[in-house]
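Okay, here's what each chain looks like letter by letter:
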Amino acid sequence: MKDYEIVIGLEVHAELNTESKIYCNCRNAFGLEVNTQVCPVCMGMPGTLPTLNEKVVDYAIKMGHAMNCKINSVCKQDRKNYFYPDLPKAYQISQAEVPLCENGYLDIMVDGVEKRIGVTRIHIEEDAGKLLHDDSFSGSLVDLNRCGVPLIEIVSEPDIRSSAEAKAYLDTIKSILQYINISDCKMQEGSIRCDVNVSVREKGSDKFGTRCEMKNVNSFSGAVRGIEYEAKRQIEVLESGGTVIQETRRWDDAKGMSFTMRTKEDAQDYRYFPEPDLLTIVVDEERIQKLKESIPELPNRKISRYVKEHGLSQVDATLIAESIDKSKLYDECTAMKKCSPKNVCNWILSDISKFTNDTGKSILDTALTAENLVKLICEVEKGTISNSSAKKVFDIIIKDDKDPVKLIEELGLAQNSDEGFLEELAKDILSKNEKSVSDYKNGKTNALGYLVGQCMKASKGKANPGKVKEIVTRMLSE
Amino acid sequence: MNIDIKHIAKLARLRIEDEKLEKFEKDMQSIVAMVDRLPDIEEELTLDRENAMTLREDVAVPDKFTRDELMANAPQVQAGCLVVPKTVE
Amino acid sequence: MKLYEKTASELSEMLAKKECSAVEIYNDVKSRIDSVEDKVGAYVTLNENALEQAKEVDNARANGEELHPLAGIPIGIKDNISTKGLRTTCSSKMLENYVPPFNATVMEKINSAKMVVTGKMNMDEFAMGSSTETSYIHLTHNPHNLECVPGGSSGGSASAIASGEAILTLGSDTGGSIRQPAALCGAVGMKPTYGSVSRYGLVAFASSLDQIGPMGKSVKDVAMLQSLICGYDKMDATSKNIAYPDYYANLKNNVKGLRIGVPKEYFGEGIDSEVKESVYSAIELMKQNGAEIKEISLPSTEYAINTYYIIASAEASSNLARFDGVKYGYRAENYNSLTDMYEKTRSEGFGDEVKRRIMLGTFVLSSGFYDAYYKKAKIVQRKISEEFSNAFKECDVIATPTVPSSAFKIGENIGDPIKMYYNDVCTVTVNIAGLPAISVPCGFDSKNMPMGLQFIADKFCEQTLLDTAYAYEQLSGGFDVITKKF
């Protein structure tokens, strides 16, 4: 078998979390009683007209900035004409020639290596309704609640080369949408969906193979399965001497297979033309700039920084970066440059995460401050307290804004690291346990643990165990 | 210009009855022949910045209409939904 | 003189002076409807609540409420303007039983002014036609000669003015649909600037060209109604947010120094000589009274009809796609699949003219033809607009015939779509350029049928337009709008 390369392009549709729909003032809400979030406008009644929601424009521009796009301050909307019962006007208002945002890119990280994926365009459009199928009835039922829910469509360049890259790209988009808070990203509610374009070619070739578009991909894991299935299918076609036919296929995640929906010959003719019910969208430069300034450092940038500058693993960096709360705390702590970023990371991913998971609180809801956390970590790093004592202090500072240094003192948790004191202590213990000393010298190394334990016991736990171990080892070898 | 009546009718979800087809086709050909005559102007369409629209504030107004009011004109309704012939097999 | 023969402004004064009541006016109009509607066929639906509305106006006046000058004036509404609770058919089988759950913005204005809505006026199906013969409901006859068409598509609105079955009416104008029937029925009708009257609730034919406008017996009446219906509407993104004057209050008969442009392209071969003569003599009359006449040229006019039919049909094909038998309107009875249901519903629900326009529109937008037709037409549209803009640098208004000839016989043109389309030759440019224009009667021809004079003004210059038309009306002494024939 020849060596093949997979070429993938993704079209991601994300529902925006505005208050009202894109072209009417119906509520933009999910999961309510059928056909109750509708009005004459989104029902496409004769004589009704669309009015564009300004938030939709703002949100799309924000996403454009987040994906490093050029923002088209002057653009328009177009009608995409086709008949289907979930599309009451029989056209979808979308953007054809001039999208709101174009020519951007997104940096993703796969196996610790950064990769840049080109973003062709981001445009705004309306969602369609839903068809409900019930075997007990001979027809299909139409629920129009979702009609007019605002969507952005993000189209990538065919720069993605594996299902893992596709997954990373999708995860990154999702985390950005959440970060800039423009989409709820609830997969189970279908608030992010994607169409996948897949082609294969011989490695080294600079020409693209014939691509197939896969629709109905409703989850990121489904996208991964769909890509792998489709690439395998195409390679098999080529290997058996056949040619791949350009077509639109439907992904059936339950069956784990894709099926032909329509071929190129009966491709739909959408008859796009400028939407005459809406005038030009003109966004002033000041507004575009303001929206740009509202974008925080994004998770993909953070991951890259954490890995490159702080030496975190990609997994840990991702876990921190993709949570707004965690990364905020992490960034505040590391900005003080007083303790090791790795220790900060460990605290956040272990004890702090456990606390928030157990209590259902967010980090922001707890009493924990970056300052207190850093103080606590510094005390551990200095050896002032043991890890187990540190946990005792943590249990307090996550509930009350108290100074860890004072707490250590008040609770008497400080460890004794004084060399002279520890040497006296060790000398005393060794003299009382001659049997263990000789065992150790005869090769029973576990006697060391016993002797250290006796030291700790004698010091009522105050001795610095690391130091004690060091001193006892040294004395035994003398 | 010869236009493919059958194809266009399919796109428009129209069906021209056989007995009317000939006259219809003739009318369409002459209409297309009429509109065909347009000058070639070497210009491109540009977006009209002066013709900007005012955008709507994002405020939701729920329960403006009842479902019954909105469905009152529908040919077939069941369980609060519009009914269409089955779309999947 | 019967009440139904009076103008809205006369009746408004009488009401204010309590010389008559709104109920008396309505009853007089209603009895006129009862006696002539059989012959005219102006209405699709009569409003059963009209008498009640008239009574409310009288009560309000008796209670000393401050009323709009149009309160109590009977008005007929073209049947493509959505009226909550009153069926709105667009004269189509498709919407024969459709009752809108909401009002068009203009209806909210008419209701808040407490006008009395007499009913819904017949029209060409979905406003596609120039004779009201494409109505699925019934024919409408020209009151000046019942064998003739009233014009279209607002044929019911125009003939009701001439028959005395309504004092005022609303029409809609996409390519001449207010002005052409107004001219053929001897009424005054105005197509306002695109964006000055909200289209919300007007069942769309061609969204970028459609505009609702007033029709009446006099320029004053039209100015009165226009002042009521115009204005910015946040429900219509294409409506213009500017201050609109009270045209009626500001109306002035001022012809001195008025610069009138006369474009030679509107007086060519296809125009009936009697029409030309009467328009020229109207212009001459204005000149004698101090107007300055300028011969101008609008060379792209020759492409106007083509441009118009491409753009209007393209938009119509998309606007009318929603009539699919799912949410409202007609649905075919027997079908075996979704596509079958769509095709049967639409083929049975639409008439031939509507189908032709949908087909043309679908064709010009279809893959491979878009650039050659739609895009080209949009470029010519800009050219036509530019020519008008330049013309308005040297004149205040432009005068042309409204229609090439007076009303033709019912059935005369219906078999020949192209011939029918050329009826719009003088009016479509106005829609293409988004300008305001008015048609006023300028005499009767040798067949004793009315002819129309069209004035065109620059965007949002309705005041200049109405002042010009008013000046001409005063100078000419006016013509009988209400037919004396029955």
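Asks: What is the right way to read the overall build of chain C from this model?
Replies: Regarding its fold elements, chain C presents 16 helices and 11 strands. Against the compact-globule benchmark of 23 Å for 486 residues, chain C has a radius of gyration of 21 Å, which places it among compact chains. Counting only C-alpha atoms, chain C reaches 65 × 55 × 45 Å along its principal axes. Relative to its full complement of 486 residues, chain C shows a buried share of 68%. Long-range contacts, defined as pairs at least 24 residues apart, comprise 75% of the intrachain contacts of chain C with a sequence gap of at least 6. Summed over its atoms, the accessible surface of chain C is roughly 14,800 Å², and 46% of this surface lies on carbon and sulfur atoms. Computing the positive centroid from 50 side-chain charges and the negative centroid from 60, chain C places the two 3 Å apart.

Asks: Explain the interface of chain C and chain A here, please?
Replies: In many reports, interface size means the accessible area that the parts give up when they come together. With 37 residues of chain C at the interface, the matching set in chain A holds 29 residues. The contact between chain C and chain A buries some 2,700 Å² in all, and 63% of this surface belongs to carbon and sulfur atoms. Per-residue buried area on chain C facing chain A is highest for C:Ser318, C:Arg322 and C:Lys327; these three make up 20% of the total on that side. Between chain C and chain A we count one salt bridge in total. Applying the counting rule to chain C against chain A returns 12 residue pairs in polar contact (both at pLDDT 80 or more). Counting residues per element, the side of chain C that touches chain A draws most heavily on helix H10 (residues 304-319) of chain C, at four residues. Looking at the side of chain C that touches chain A, its residues break down into 20 nonpolar, 10 polar and seven charged.

Asks: Looking at this model, I keep getting lost on the packing of helix H6 (residues 314-321) of chain A against helix H8 (residues 341-359) of chain A. Mind explaining?
Replies: Helix packing geometry: the angle between the two helix axes and the distance between the axes. Residues and elements named next belong to chain A. Where H6 meets H8, the axes come as close as 11 Å, and the angle between the chain directions of the two elements is 65°. In terms of axis orientation, H6 runs roughly perpendicular to H8. For the pair H6 and H8, the crossing hand works out as left-handed. Along its contact with H6, which presents Asp316, Leu319 and Ile320, the element H8 presents Cys345, Ile348 and Leu349. Its residues placed into classes, the contact of H6 with H8 shows five nonpolar, no polar and one charged.

Asks: What am I meant to see in the interface of chain B and chain C here?
Replies: Residue-level contacts link 46 residues of chain B with 56 residues of chain C. Here chain B packs against chain C, burying approximately 4,700 Å² in sum over the two surfaces, 65% of which is carbon and sulfur. Along the contact surface separating chain B from chain C lie eight salt bridges. Between B:Arg37 and C:Glu302 there is a salt bridge, and its shortest N-O distance comes to 3.4 Å. Within the residue set of the side of chain B that touches chain C, elements represented by two or more residues are helix H1 (5-11), helix H2 (18-35), helix H3 (67-71) and strand S2 (81-85) of chain B. Among the elements that make up the side of chain B that touches chain C, the one with the highest residue count is H2(B) (10 residues). The class makeup of the residues in the side of chain B that touches chain C is 28 nonpolar, six polar and 12 charged.

Asks: Can you walk me through the environment of A:Leu32 in this structure?
Replies: All names here are of chain A. Relative to the helices and strands, Leu32 is located in the loop between strand S1 (4-15) and helix H1 (54-66). A residue is classified by how much of its surface remains accessible, and Leu32, at 36% relative accessible area, is partly exposed. In this structure the C-alpha to C-alpha distance between Leu32 and Lys435, which are 403 residues apart in sequence, comes to 77 Å. In this view, Leu32 contacts Arg27, Gln37 and Asn145; residues no more than four positions away in its chain are not counted.

Asks: Can you walk me through the confidence of the model for chain B in this structure?
Replies: Reading fine detail from the predicted coordinates is not recommended where pLDDT is low. Per-chain confidence: chain B averages 92 in pLDDT, with 98% of residues scoring 70 or above. Ranking the helices and strands of chain B by mean pLDDT puts H3(B) first, with 97, and H2(B) last, with 91.

Asks: Would you explain the environment of B:Leu45 in this entry?
Replies: Locating B:Leu45 in the fold gives a position in the loop between H2 and H3. The residues contacting B:Leu45, other than those within four sequence positions of it, are C:Lys375, C:Lys378, C:Ile379 and C:Arg382.

The rules behind the values
- Each chain carries its own residue numbering, running from 1 in the direction its sequence is written.
- Chains carry letters from A onward and ligands carry numbers from 1 onward, assigned in written order.
- Per-residue local features are limited, in this predicted model, to residues with pLDDT of at least 70; the limit for side-chain atom pairs, both in listing and counting, is 80 or more; totals at the level of whole chains, interfaces and linings are taken over all residues.
- For side-chain calculations, the full set of non-hydrogen atoms in the structure is used, while hydrogens and water are omitted.
- To qualify as a helix, a DSSP run of H or I must reach at least 4 residues; to qualify as a strand, a run of E must reach at least 2; elements of each kind are numbered from the N terminus.
- In this description the radius of gyration comes from C-alpha coordinates, and the expected globular size is given by 2.2 Å times residues to the power 0.38.
- Buried, partly exposed and exposed residues are distinguished by accessible area as a fraction of the type maximum, computed with a 1.4 Å probe on protein chains only: under 20%, between the cut-offs, and over 50%, respectively.
- Whether two residues are in contact is decided by their heavy atoms: any pair within 4.5 Å suffices.
- Residue exposure ignores everything except the shown protein chains as possible cover, and the areas themselves are Shrake-Rupley values with a 1.4 Å probe.
- Residues scored as charged are limited to Lys and Arg (positive) and Asp and Glu (negative), so that His and the chain ends carry no count.
- Note on charges: their place is set at NZ of Lys, CZ of Arg, CG of Asp or CD of Glu.
- The quantity reported as buried area is the accessible area (1.4 Å probe) lost by two parts once they are put together, taken as the sum for both.
- Here, a salt bridge means any Lys or Arg side-chain nitrogen found within 4 Å of an Asp or Glu carboxyl oxygen.
- Here a polar contact is recorded for every N or O atom pair within 3.5 Å, except that within protein the pair must consist of a potential hydrogen donor and a potential acceptor, and residues adjacent in sequence are included only if both atoms are side-chain atoms.
- Amino acid classes used here: Ala, Val, Leu, Ile, Met, Phe, Trp, Tyr, Cys and Pro are nonpolar; Asp, Glu, Lys and Arg are charged; the rest, including Gly, are polar.
- Fitted lines through C-alpha atoms give the axes, limited to the stretch in contact for helices. The angle between two N-to-C directions lies from 0 to 180 degrees.
- Orientation labels follow simple angle bins: below 35 degrees gives roughly parallel, above 145 gives roughly antiparallel, 65 to 115 gives roughly perpendicular, and whatever is left gives oblique.
- What makes a crossing left-handed is the near helix being turned counterclockwise from the far one by less than a right angle; a clockwise turn instead makes it right-handed.
- Residue-level confidence of the predictor is what pLDDT reports, using numbers from 0 through 100.

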